Amino acid sequence: MIIIIVAFIVEVLITYFIASFFSVRMIEVMFFTGIVFAGGTFYFSSSGGAISRLFASQASGQTGIILKRERFTYKLGPIFTASIIFFFYTPIENCCRQSYSNFVYRPYHKINR
């Protein structure tokens, strides 16, 4: 649980610095950084994918020795879980923010007098 919290805090800090660098709101950057964090974590925690097959094929071609193929496996660890939570937080927060602002700031009818 502590690893999830630390990973989430690191992702928030990186997103904050990116948003402040580009002078935009943090919520505008969170979706894209969430994709990058989740995709990068998935890529580096998996094994036996397309890149692994490419390197095995290159090694087989250079040495003439046929290597055993690895099966594709991935780990859903705490850092990946934090990245997915961070990724899905953005659309949920935007949806809630828009419905709240429509409810509070935009009346359904105006009384013209």
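Note: most peptide bonds trans; most residues except glycine with negative phi. Positive phi is not limited to glycine here, since Ser 23 has a value of about 55 degrees. Following the sequence through the fold, Ser 23 ends up in the loop between α1 (2-22) and α2 (26-45).

Residues Met 1, Ile 5, Ile 9, Leu 13, Tyr 16 and Phe 17 make up a contiguous nonpolar surface patch of about 670 Å² in total accessible area. Relative to the helices and strands, Ile 5 is located in helix α1.

The predicted model of the protein averages 79 in pLDDT, with 83% of residues at 70 or higher. Put simply, helix α4 (residues 78-105) is where the protein has its lowest mean pLDDT, 74, and α1 is where it has its highest, 91.

Before going further, it helps to spend a moment on the packing of aromatic side chains. Under the criterion given, the structure shown has nine aromatic pairs. Ring centres of Tyr 43 and Phe 44 lie 5.0 Å apart, and the angle between their planes is 80 degrees; on these two criteria the pair is classed as edge-to-face.

What counts and what doesn't
Residues numbered from 1 in each chain as written. Predicted model: local features only at pLDDT ≥ 70, side-chain atom pairs only at ≥ 80, totals over all residues. Heavy atoms only, no water. Helix = DSSP H or I, 4+ residues; strand = E, 2+ residues; numbered from the N terminus. Patch = residues over 30% accessible without salt bridge, like charges linked within 9 Å, V, L, I, M, F, W, Y side chains within 5 Å. Areas by Shrake-Rupley, 256 points an atom, 1.4 Å probe, with all protein chains shown as cover. Salt bridge = Lys/Arg side-chain N within 4 Å of Asp/Glu carboxyl O. pLDDT = per-residue confidence, 0-100. Phe/Tyr/Trp six-rings, centres within 6.5 Å; stacked < 30°, edge-to-face > 60°.

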